[in-house]
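Structural characterization, general
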Amino acid sequence: MNADPARARRDPAPVPGTPAPRDVAATSTAILDEIGRAVVGKRDVAELLLVGLLAGGHVLIEDFPGVAKTLLARSLAAVTGLRFRRVQFTPDLLPADVTGASVYDQADGSFTFVPGPLFAHLVLADEINRAPPKTQAALLEAMAERQVTADGVTHELEAPFCVVATQNPIELEGTYPLPEAQLDRFLLRLRVGYPERSEEAAMLSRRAARGQERVDLRVTADRERLLGLQRAVEAVHLEDALAGYVTELVATTRERSELLLGASPRGSLAVMGAARALAAVRGRAFVLPDDIKAVAVPALAHRVAVKPDRWVRGVRAEQVIAEVLDVVAVPIRDDV
């Protein structure tokens with residue numbers, strides 16, 4: 001019996017040393033289940049945070065205080081066994097405070113580089129918009145190049161490397177808005193939102209029964225396993241028709257009358273990378289249109305700029321991207 005060419009395109013041959021789709025899904029489910037012990041509800045947000053890590057990108061979580069932004073990042077690091085560092089961004093934070101600096105050793109008269117908190121696998125940049133522009137620029141090199149330069153010497157960062165940044169969208173006093181170039185370096189921007197009443201009640205019940213503030217999470221994956229999952233994401237197949245669909249979505253943002261600035265080609269790469277990672281997390285070796293739709297808003301909304309007059313009228317970037325998803329037709333397979 002001849003092999004089905006359509007299925008061959010959707011199920012590419014596995015790459016040696018890469019976990020099978022079912023193994024990726026099993027590990028992802030275990031990670032999300034364990035995070036769910038600390039963060040009640042919000043599994044969809046936790047899933048997208050995991051997608052950002054597996055896609056090799058960085059994630060910006062923007063929402064009100066107290067909705068578990070920091071807890072999500074801490075829980076992901078704890079469950080995956082990754083080296084974790086938290087940096088509380090403040091107006092007096094210097095670039096060397098995050099990158100590290102050379103320290104003079106009086107004993108032998110030499111300088112020794114002392115690594116900063118960026119030398120970790122998962123870095124939480126808490127309230128990132130409180131840091132001055134010079135410190136934000138130092139973070140940008142690490143995010144974009146996976147390296148840190150101090151005193152003219154470049155130091156590579158160990159993979160995986162993911163920055164999870166948080167910021168409060170309603171408090172503007174003493175903050176420095178992130179420049180467009182740095183916003184564009186985040187693969188996804190997520191919003192957590194308030195929990196449902198039943199979820200909040202469950203959170204209180206769990207806290208009372210636990211008898212302590214901290215939740216002891218079990219490590220369900222290690223660094224090597226995470227690197228294997230990232231290789232599996234790179235092996236996920238994206239059909240040419242769906243690549244064209246992503247291109248059309250991004251190109252349409254440049255034509256919208258509500259937008260001053262549409263998404264760049266990096267936006268196309270972000271949608272593709274996040275969609276492939278989401279497909280892998282859900283146990284598939286190929287991307288579906290639903291994967292693209294699920295990541296389009298968090299991957300594109302922070303890469304476009306709404307015209308000031310439209311913004312004053314209540315138009316938001318997320319709404320525009322949602323409308324783009326409605327007007328751009330999904331390609332129909334011709335081999336079904």
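What you see is a predicted model; the values in this text were computed from it and never measured. (Residues numbered from 1 in each chain as written. Predicted model: local features only at pLDDT ≥ 70, side-chain atom pairs only at ≥ 80, totals over all residues. Heavy atoms only, no water.)

A few words on the pairing of strand β4 (residues 110-115). Note that strand β3 (residues 100-105) and β4 share six bridges and pair antiparallel. Paired with Asp105 across the strands is Ser110, a residue of β4. Hairpin remark: β3 followed by β4, antiparallel, with four residues in the connecting loop; positive phi at Gly109, about 70°. (Pairing = 2+ DSSP bridges. Helix = DSSP H or I, 4+ residues; strand = E, 2+ residues; numbered from the N terminus.)

Moving on, we get to the packing of helix α2 (residues 21-38) against helix α9 (residues 223-234). Packing of α2 against α9 brings their axes to within 11 Å, and their N-to-C directions diverge by 130°. Compared by their axis directions, α2 and α9 come out oblique. Here the hand of the crossing between α2 and α9 comes out left-handed. Here Asp23, Val24 and Thr27 of α2 come into contact with α9, specifically with Arg225, Leu229 and Ala232. Across the contact of α2 with α9, the residue classes tally to three nonpolar, one polar and two charged. (Axes fitted to C-alpha atoms, helices over the stretch in contact; angles between N-to-C directions. Parallel < 35°, antiparallel > 145°, perpendicular 65-115°, else oblique. Left-handed = near helix turned anticlockwise from the far one by under 90°. Contact = heavy atoms within 4.5 Å. Nonpolar A, V, L, I, M, F, W, Y, C, P; charged D, E, K, R; others polar.)

With that settled, consider helix α4 (residues 69-80). Given a rise of 1.5 Å per residue, twelve residues ought to cover 16 Å, and the 17 Å separating the end C-alpha atoms of α4 matches this to within 8%. Here α4 lies mainly inside the structure; nine of its twelve residues are buried. Of all the positions in α4, only Lys69, Thr70, Leu72, Ala73, Ser75, Leu76, Ala77, Val79 and Thr80 are classed as buried. Within two residues after α4, Gly81 carries a phi angle of roughly 70°, on the positive side. (Expected span 1.5 Å × (residues − 1). Buried < 20%, exposed > 50% of the residue type's maximum accessible area, 1.4 Å probe, protein only.)

On to the environment of Val103, then. Relative to the helices and strands, Val103 resides in strand β3. With a relative accessible area of 44%, Val103 lands in the partly exposed category. Each C-alpha atom of the pair Val103 and Phe113 lies 6.1 Å from the other, and the pair is ten residues apart in sequence. When sequence neighbours within four positions are dropped, the list of residues in contact with Val103 reads Ser110, Phe111, Thr112 and Val114.

With that settled, the discussion passes to unusual backbone geometry. Of note, the bond from Ala159 into Pro160 is cis; its omega dihedral lies within 30 degrees of zero at -5°. By the element assignment, Pro160 lies in the loop between β7 (153-156) and β8 (162-167). The backbone phi angle of Ala68 is positive, close to 80°, even though this residue is not glycine. Within the fold, Ala68 resides in the loop between β1 (59-62) and α4. Despite not being glycine, Arg146 shows a phi value in the positive range, around 55°. Note that Arg146 resides in the loop between α6 (133-145) and β6 (147-150).

Moving on to the packing of aromatic side chains. On inspection of all chains with the given rule, the structure shows two aromatic pairs. Ring geometry for Phe64 and Tyr194: centres 5.7 Å apart, planes at 20°, overall stacked. Residue Phe64 is located in the loop between β1 and α4, and its partner Tyr194 is located in the loop between β9 (188-190) and α8 (197-210); the two are separated by 130 residues in the primary sequence. On the basis of relative accessibility, which here comes to 59%, the residue Tyr194 falls in the exposed class. Aromatic side chains Phe113 and Phe119 sit 5.7 Å apart centroid to centroid with 65° between the ring planes, which places their arrangement in the edge-to-face category. The pair formed by Phe113 and Phe119 is uniform in burial state, with each residue classed as buried. Geometry around Phe286 places Arg284 over its ring, the cationic atom sitting 5.8 Å from the centre. (Phe/Tyr/Trp six-rings, centres within 6.5 Å; stacked < 30°, edge-to-face > 60°. Lys NZ or Arg CZ within 6 Å of the ring centre and 35° of its normal.)

So, on to the pattern of salt bridges. Under the defined criterion, the tally for this structure stands at 22 salt bridges. With a closest N to O distance of 2.8 Å, Arg191 and Glu318 form a salt bridge. Residue Arg191 is located in the loop between β9 and α8, and its partner Glu318 is located in helix α14 (residues 317-327); the two are separated by 127 residues in the primary sequence. Notably, a salt bridge pairs Arg207 with Glu213, separated by 3.2 Å at the nearest N-O pair. Each of the salt bridges in this network shares a partner with another, and the network as a whole consists of Glu62, Arg189, Arg191 and Glu318. (Salt bridge = Lys/Arg side-chain N within 4 Å of Asp/Glu carboxyl O.)

Pairing in this open sheet of five strands is parallel, and the strands run β2-β5-β8-β1-β9 from one edge to the other. The sheet terminates laterally at β2 (84-88) and β9, the two strands that pair on one side only. Across the sheet, the mean angle from the axis of one strand to that of its neighbour is 20°, orientation sign disregarded. Relative to strand β5 (residues 122-126), β2 runs parallel, the two sharing five bridges. Across the sheet, residue Arg85 finds its bridge partner in β5, namely Val123.

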